[in-house]
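This is what each chain is made of:
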Amino acid sequence: MTIMRKRTAAGLTGLAALTALALPLYGDWSSEATTPQPAATEVTRPVPTAVVTRDTPWVTRDFPGSVRANRRVELAFDLDGLLVELDAREGHAVAAGTVLARLDDRDARNALSAAQARFDDARRTLDRARELRGQRMVSESEYDKARATLDIAQAELQAREKAVTDTVLRAPFDGVVAARHLENHERVTAGQAVLSLQDGSRIEVVIQVPERLIAQGGLEALHNPRVRFDVEGRRWFAARTHEYRLQPDQATRTYDLTIALAPPPGINILPGMNATVRTDIDQPPVATGAPTEVITRVPSEAVWRDADGACHVWVVPEAGGTPRRVRVEPGPLRDGQMLILSGLRPGQRVAVAGLRALREDLPVRPRLAGKRGLEG
């Protein structure tokens, strides 16, 4: 009996030892069941956003235009005659004073010689009358008549001299021969166009501006004009407003506005070429109850209305976080964007999509450019 108790106690002792060895291998089941598990991390969802910008006091508009020379003149003779010299060629540059065409001047020179003879005779007659008047051998009326005859002869001589000069057609300024309207040895009449001369030292672009823009300030409402030529199509060249026509086109109700600029380097710009003029145009101010408030712009899709009709936007932190619902005072639409009269500052970010799904307790971040889904 005593021996059985000893064996049983020894068996228990061995079982306890075996259990102690097994516990490190399989773990403590009771301890594992009571240990708390870590909570799942909340995902920060990306949302498309746009940056709030300050409203500009102007709008930028493009106008199609046509190139013309700064100075244009149709050259003609002041008298009838036979064209005996016409050496000017189209497209060639000429300097001021260059002879472009001549008329047959024989008749003009013969008339000049006759006028010179009459003038010389009248001058001698006046000299004799002056001498005889001193001797009281002619009356004052005869002397006055001789002096009047000389004045008439002198006027005729000057007219004949001008007629000889007018048989030569010279370039009035440096330019390019744009067109020849006649050929050599043709008979021309006074005032008939012989050549077209254009000054290429400056370029003008003519555009048509609606009468509404002219009424809102005229040339003073246009700022920073620049020109791009269709033949080149890449660069914009600085220009200036030059003039506009006071009489509108009866069909289109537009006014011709002239933009002037220097010839651009590296491009051969000729009259008649197409161009585009881009200019900033002053806008009428937007009425607001807070004169010191900065008027901003946001995409129109960023603005939403609540059940009471109030307008709001969701402002998203630049580094991410919970969005903030901001009430704004909307203004008019301009170029697809809505003016915000109060409530926002330039530089803030606003959500532009998924507005109904946003909450002030749901963290979000601005979506990266070019990304989609949660990768953004």
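Scroll up for the structure.
So, here's what we can say about the structure. Values in this document were obtained by computation on a predicted structure and should not be read as measured data.

A look at the pattern of salt bridges
1) Next: Evaluated as defined, the whole model comprises 24 salt bridges.
2) Next: Of the charged contacts, one joins Asp-127 and Arg-130 as a salt bridge, the two residues approaching to 3.1 Å between their closest N and O atoms. Of this pair, Asp-127 and Arg-130 both sit in helix α3 (residues 106-134), three residues apart, roughly one helical turn.
3) Next: A salt bridge links Glu-318 to Arg-349, with the shortest nitrogen-to-oxygen separation between them at 2.9 Å. Of this pair, Glu-318 sits in the loop between β19 (311-315) and β20 (324-327) while Arg-349 sits in strand β23 (residues 349-351), and the two are 31 residues apart along the sequence.
4) Next: Here the residues in one salt-bridge network are Arg-68, Arg-72, Glu-204 and Glu-243, joined through shared partners.

Brief notes about the sheet that holds strand β22 (residues 337-342)
1) Next: Taken together, four strands build an open sheet; the order of strands is β3-β17-β22-β21 and the sheet is antiparallel. Strand pairing shows two members of the sheet lacking a second neighbour, β3 (53-54) and β21 (329-334), which therefore form its edges.
2) Next: Taken together, the two bridges between β3 and strand β17 (residues 296-299) define a ladder with antiparallel strand orientation. Bridge pairing in β17 links Thr-53 to Arg-297.

What about the environment of Leu-341?
1) Next: Its location among the elements puts Leu-341 in strand β22.
2) Next: Under the relative-accessibility criterion, Leu-341 is labelled buried at 5%.
3) Next: Along the sequence, Leu-341 and Val-294 sit 47 residues apart, while their C-alpha atoms lie 7.1 Å from each other.

Remarks on the sheet that holds strand β8 (residues 168-170)
1) Next: Pairing in this open sheet of four strands is antiparallel, and the strands run β8-β7-β5-β10 from one edge to the other. Of all strands in the sheet, those bounded by a partner on one side alone are β8 and β10 (187-188).
2) Next: In this structure, strand β5 (residues 81-86) lies alongside β10, joined through two bridges in antiparallel fashion. Residue pairing for β10: Gly-81 is matched across the bridge by Val-188.

Structural notes on the packing of aromatic side chains
1) Next: According to the stated counting rule, one finds two aromatic pairs in the structure shown.
2) Next: Ring centres of Phe-229 and Phe-237 lie 6.0 Å apart, and the angle between their planes is 45°; this geometry places the pair in the tilted category. Across the pair, exposure class does not vary: Phe-229 and Phe-237 are buried alike.
3) Next: Against the face of Phe-173 rests Arg-71, its NZ or CZ located 4.3 Å from the ring centre.
4) Next: Sitting over the face of the ring of Tyr-143, Arg-133 holds its NZ or CZ atom 3.9 Å from the ring centroid.

So, the packing of α3 against helix α4 (residues 140-165)
1) Next: One can describe the packing of α3 onto α4 by two numbers: an axis separation of 8 Å at closest approach and a directional angle of 160°. On the basis of their axis angle, the class for α3 and α4 is roughly antiparallel. Both α3 and α4 take part in a crossing whose hand is left-handed.
2) Next: Its residues assigned to classes, the contact of α3 with α4 comprises 15 nonpolar, four polar and 10 charged.

Thoughts on unusual backbone geometry
1) Next: Here Asn-224, not a glycine, exhibits a phi torsion of approximately 50°, which is positive.
2) Next: The residue Asn-224 is located in strand β12 (residues 222-229) in this model.
3) Next: For Asn-224, a relative accessible area of 48% corresponds to the partly exposed category.
4) Next: One non-glycine residue, Arg-253, lies in positive phi territory at about 55°.
5) Next: Assignment of secondary structure puts Arg-253 in the loop between β14 (240-244) and β15 (254-261).
6) Next: Look at Arg-253 and you get partly exposed, because its relative accessible area is 34%.

Conventions and cut-offs
Residues numbered from 1 in each chain as written. Predicted model: local features only at pLDDT ≥ 70, side-chain atom pairs only at ≥ 80, totals over all residues. Heavy atoms only, no water. Salt bridge = Lys/Arg side-chain N within 4 Å of Asp/Glu carboxyl O. Helix = DSSP H or I, 4+ residues; strand = E, 2+ residues; numbered from the N terminus. Pairing = 2+ DSSP bridges. Buried < 20%, exposed > 50% of the residue type's maximum accessible area, 1.4 Å probe, protein only. Phe/Tyr/Trp six-rings, centres within 6.5 Å; stacked < 30°, edge-to-face > 60°. Lys NZ or Arg CZ within 6 Å of the ring centre and 35° of its normal. Axes fitted to C-alpha atoms, helices over the stretch in contact; angles between N-to-C directions. Parallel < 35°, antiparallel > 145°, perpendicular 65-115°, else oblique. Left-handed = near helix turned anticlockwise from the far one by under 90°. Nonpolar A, V, L, I, M, F, W, Y, C, P; charged D, E, K, R; others polar.

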